[in-house]
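Observations on the three-dimensional arrangement
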Amino acid sequence: MRVNYLGPLCVGIQHPALAGYDLSQFSPSCFLVEVGDEAGVSGPVIKGDLLVVDEARAPGHADLVVVEQAGEQRLFTTHRIGGQNRLLPVSARAVSRSRRRRGR
């Protein structure tokens, strides 16, 4: 799922969804991304969601991570296996398939 880089939070990004937030609470290593059209409108992450990404934080199990792939920033979820993380694509279709399987 594609995300769009909006910029570092420390510079005071102007976005309607950030109204009322104290941006000084975020470290200089934080930046903001907006979830792209591929997300659709169902699932845990939907089109237009804003996500704060902290580059200084090490990812753990089931975290959302932003990875640059083929010149695009894309959203993945992590699955910890032993001492490593496997990246799993986040997509509305994968979420709905997963729910159908659990419902059986």
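See the structure shown above.
With that out of the way, let us pick up the environment of arginine 57. Within the element layout of this structure, arginine 57 appears in the loop between β3 (50-54) and β4 (64-69). The exposure class of arginine 57 is exposed, given its relative accessible area of 54%. Residues arginine 57 and cysteine 30, spaced 27 residues apart in sequence, show a C-alpha to C-alpha distance of 9.4 Å. Polar side-chain contacts of arginine 57 include one of 3.4 Å to the side chain of aspartate 63.

Right, let's get into the nonpolar core. Counting 11 residues, the largest nonpolar core is built from Met1, Val3, Phe31, Val33, Val35, Ala39, Val45, Leu51, Val53, Leu75 and Val90. When residues of this core are traced back to their parent elements, those giving at least two are β2 (30-35) and β3. Broken down by element, the residue count for this core peaks at 3 residues, all from β2. Residues in contact with valine 3, not counting those within four places in the same chain, are Val33, Glu34, Val35, Gly36, Val66, Gln73, Arg74 and Leu75. In this structure, Leu9, Leu18, Leu23 and Leu32 belong to the second largest nonpolar core, which totals 6 residues.

Thresholds, definitions, all that
- Residues numbered from 1 in each chain as written.
- Predicted model: local features only at pLDDT ≥ 70, side-chain atom pairs only at ≥ 80, totals over all residues.
- Heavy atoms only, no water.
- Helix = DSSP H or I, 4+ residues; strand = E, 2+ residues; numbered from the N terminus.
- Buried < 20%, exposed > 50% of the residue type's maximum accessible area, 1.4 Å probe, protein only.
- Polar contact = N/O pair within 3.5 Å; in protein donor to acceptor, adjacent residues only side chain to side chain.
- Core = buried A, V, L, I, M, F, W, Y, C linked by side-chain atoms within 4.5 Å.
- Contact = heavy atoms within 4.5 Å.

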